[in-house]
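Coordinate analysis (summary)
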Amino acid sequence: MSTGQDAPTAESTRTDLPEGRYGKPRAARPSRWRRLVFGLVALLVSGGIAYVAYLNFGSAPIEGERVSFDEKPGDAMEITINVTRDDVNRPGVCVVRVRDKTGAESGRKEVLIQPGSKHSRVTTTIKSIGRPVTADIFGCSYDVPRYLSRP
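Under the annotation held in an unreviewed UniProt entry, the protein chain carries the name DUF4307 domain-containing protein and is attributed to Amycolatopsis orientalis.

This is the structure we're talking about:
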């Protein structure tokens, strides 16, 4: 009993799907060289980000560490710091500060670190505008201001 129409084949059913019923057809996979180029670009970008992070967050060439602090009369505080540096021939500067009970900075001082040794210990007194409760190091640098380096 033949109706005059051929039976549908597997190829004809794939191409004759109702439009919009099964979603968009799959896109062809990107070729191998495109994936390789994308991978190389991603590797270069992540390497650049890692390099910049190392420059910004790596170890500092000169660092200070608070050893002790002691309150002095007249709204002042004495602080002792250890300074470690990689270049013993260059002078450095460390900024030390005191804070009041609210945590606000109430005094600041720049301390010259003379050239000479890799590890230096320096003690200085910082005046405060109110009663200080703590002292710490803001930071150290080799960029010594001109007024500190003059004899």
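1. A short note on the packing of aromatic side chains
Evaluated as defined, the whole model comprises 0 aromatic pairs. Taking the ring centre of tyrosine 142 as reference, the NZ or CZ of arginine 90 above it sits at 4.2 Å. Positioned above the aromatic ring of phenylalanine 138, the side-chain terminus of arginine 108 is 4.5 Å from the ring centre.

2. Looking at the state of the cysteines
All told, the structure shown has 1 disulfide when counted by the stated rule. With its sulfur 2.0 Å from that of its partner, cysteine 94 forms a disulfide with cysteine 140. Handedness here is read from the sign of the S-S torsion; for cysteine 94 and cysteine 140, about 105°, the answer is right-handed. Here cysteine 94, found in strand β3 (residues 92-99), pairs with cysteine 140, found in strand β6 (residues 134-141); they are 46 residues apart in sequence, far enough to count as distant.

3. Overview of the pairing of β3
Burial within β3 is extensive, with 7 of its 8 residues counted as buried. Note that β3 and strand β4 (residues 105-113) share 8 bridges and pair antiparallel. Bridged to valine 95 within β4 is glutamate 110. The hairpin formed by β3 and β4 contains 5 residues between the paired strands, and glycine 103 there has a positive phi angle of roughly 95°. Sheet topology places β3 next to β6; 7 bridges connect them, and they run antiparallel. Residue pairing in the sheet places valine 98 in a bridge with alanine 135 of β6.

4. Some details on the sheet that holds strand β5 (residues 119-127)
If you walk across this open sheet you meet the 3 strands as β1-β2-β5, and the pairing is antiparallel. Each edge of the sheet is formed by a strand with only one pairing partner; in this case those strands are β1 (62-72) and β5. Direction aside, the axes of adjacent strands within the sheet are offset by 20° on average. Looking at chain direction, strand β2 (residues 76-85) and β5 are connected through 9 bridges and run antiparallel. Of the residues in β5, the one forming a bridge with isoleucine 81 is valine 122.

5. Some thoughts on the pattern of salt bridges
Enumeration over the complete set of coordinates arrives at 6 salt bridges. The salt bridge involving glutamate 71 is made with arginine 131; its shortest N-O contact spans 3.0 Å. One end of the pair, glutamate 71, is in strand β1; the other, arginine 131, is in the loop between β5 and β6, and 60 residues separate them in sequence. Using a relative accessible area of 56% as the deciding quantity, one classes arginine 131 as exposed. In this structure, arginine 97 and glutamate 105 form a salt bridge, with 3.4 Å as the shortest nitrogen-oxygen distance. Owing to a relative accessible area of 14%, arginine 97 belongs among the buried residues under this scheme. For glutamate 105, a relative accessible area of 35% corresponds to the partly exposed category. Salt bridges here are not isolated pairs; linked through shared partners, they connect Arg97, Arg99, Glu105, Arg108 and Asp136.

Cut-offs applied
- Residues numbered from 1 in each chain as written.
- Predicted model: local features only at pLDDT ≥ 70, side-chain atom pairs only at ≥ 80, totals over all residues.
- Heavy atoms only, no water.
- Phe/Tyr/Trp six-rings, centres within 6.5 Å; stacked < 30°, edge-to-face > 60°.
- Lys NZ or Arg CZ within 6 Å of the ring centre and 35° of its normal.
- Disulfide = S-S within 2.5 Å.
- Helix = DSSP H or I, 4+ residues; strand = E, 2+ residues; numbered from the N terminus.
- Buried < 20%, exposed > 50% of the residue type's maximum accessible area, 1.4 Å probe, protein only.
- Pairing = 2+ DSSP bridges.
- Axes fitted to C-alpha atoms, helices over the stretch in contact; angles between N-to-C directions.
- Salt bridge = Lys/Arg side-chain N within 4 Å of Asp/Glu carboxyl O.

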